[in-house]
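Given next are the chains, with one letter for each unit.
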Amino acid sequence: MIGAPVNVRFVSVRTGKMDDDGVPLERQEPALRRIDQVKAMLDKAGYNGERLVLLHTTDQPFHAASSTVVADALTRVGMRIDDQAMDWGTTLQRR
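Within any chain, residue numbers begin from 1 and follow the written order of that chain's sequence. Residue-level local features of this predicted model are given only where pLDDT is at least 70; pairs of side-chain atoms are given and counted only at 80 or more, and the full residue set underlies all totals for whole chains, interfaces and linings. The side-chain figures draw on all heavy atoms in the structure; neither hydrogens nor water molecules are used.

Caption draft 1: Quick look at the side chain of Thr 57. By secondary structure assignment, the location of Thr 57 is in strand S1 (residues 51-57). Think of it in three bands: residues with accessible area under 20% of the maximum for their type are buried, residues over 50% are exposed, and the middle band is partly exposed, with areas taken using a 1.4 Å probe on protein chains only. The class of Thr 57 is buried, set by a relative accessible area of 3%. In protein, a polar contact requires one atom able to donate a hydrogen and another able to accept it; more generally it is a pair of N or O atoms within 3.5 Å, and residues adjacent in sequence count only if both atoms are side-chain atoms. A polar atom in the side chain of Thr 57 sits 3.0 Å from the side chain of Thr 91. In what follows, a contact means two residues having at least one pair of non-hydrogen atoms within 4.5 Å. The contact partners of Thr 57, leaving out residues within four places of it in the chain, are His 63, Ala 64, Ser 67, Met 86, Asp 87, Trp 88 and Thr 91. Numbered from the N terminus, helices here are DSSP runs of H or I no shorter than four residues, and strands are runs of E no shorter than two.

Caption draft 2: Region of interest: helix H2 (residues 61-76). Look at H2: 23 Å from first C-alpha to last across 16 residues, which is about the 22 Å you get at 1.5 Å a residue. Looking at H2, one finds that the buried residues are Ala 64, Ser 67 and Ala 71. Looking straight down H2, one finds that the buried residues subtend no more than 65° of arc, so they occupy a single side. Residues Pro 61, Phe 62 and Val 69 are exposed on H2 and point more than 90 degrees away from its buried face. Gly 78 sits one or two residues past H2 and shows a positive phi near 100°. The length a helix should cover is 1.5 Å for every residue beyond the first. An arc is given here, and it is the one of the directions from the helix axis to the C-beta atoms.

Caption draft 3: Fine view of the pattern of salt bridges. Any carboxyl oxygen of Asp or Glu within 4 Å of a side-chain nitrogen of Lys or Arg constitutes a salt bridge here. All chains considered together, the criterion is met by two salt bridges. For the salt bridge of Asp 72 with Arg 76, the shortest nitrogen-to-oxygen distance reads 2.8 Å. With Asp 72 and Arg 76 both in helix H2 and four residues apart, this pair spans about one turn of that helix.

Caption draft 4: Just the pairing of strand S2 (residues 80-86), in detail. Between any two strands, at least two bridges found by DSSP are needed for them to pair. Alignment of S1 against S2, held across seven bridges, turns out to be parallel. Within S2, the residue paired with His 56 across the bridge is Ala 85. By convention a crossover is right-handed if, when the strands point away from the viewer, the path from the first strand over the helix to the second runs clockwise. Crossover S1 to S2 through H2 is right-handed.

Caption draft 5: A look at the nonpolar core. If you look at the biggest cluster of nonpolar residues, it comprises five residues: Ile 35, Leu 42, Tyr 47, Val 77 and Met 79. Each residue touching Val 77, except ones within four places of it in the same chain, is listed here: Ile 35, Val 38, Lys 39 and Leu 42. Among buried residues, those of type Ala, Val, Leu, Ile, Met, Phe, Trp, Tyr and Cys that are joined through side-chain atoms within 4.5 Å constitute a nonpolar core.

Shown next as structure tokens:
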């Protein structure tokens, strides 16, 4: 099956969903611009720089890629991440 080209001028992506402040989700700022908000939420939640261990599975491509992204995002907001790379079997034993 071959997909047909889409003219983006006629495509509307409206979810109708809003965040807690009533801002439509499709109009929100990209997450990278909201790092200060996340840091404030962590402070409010009582996070004091405790170490978070991330079991990073390396032999399954999806998990390896997503673990890298998660570790980076959490580090950017100020969390202390201990990214421990291991194979899937070791991950299962450690959980």
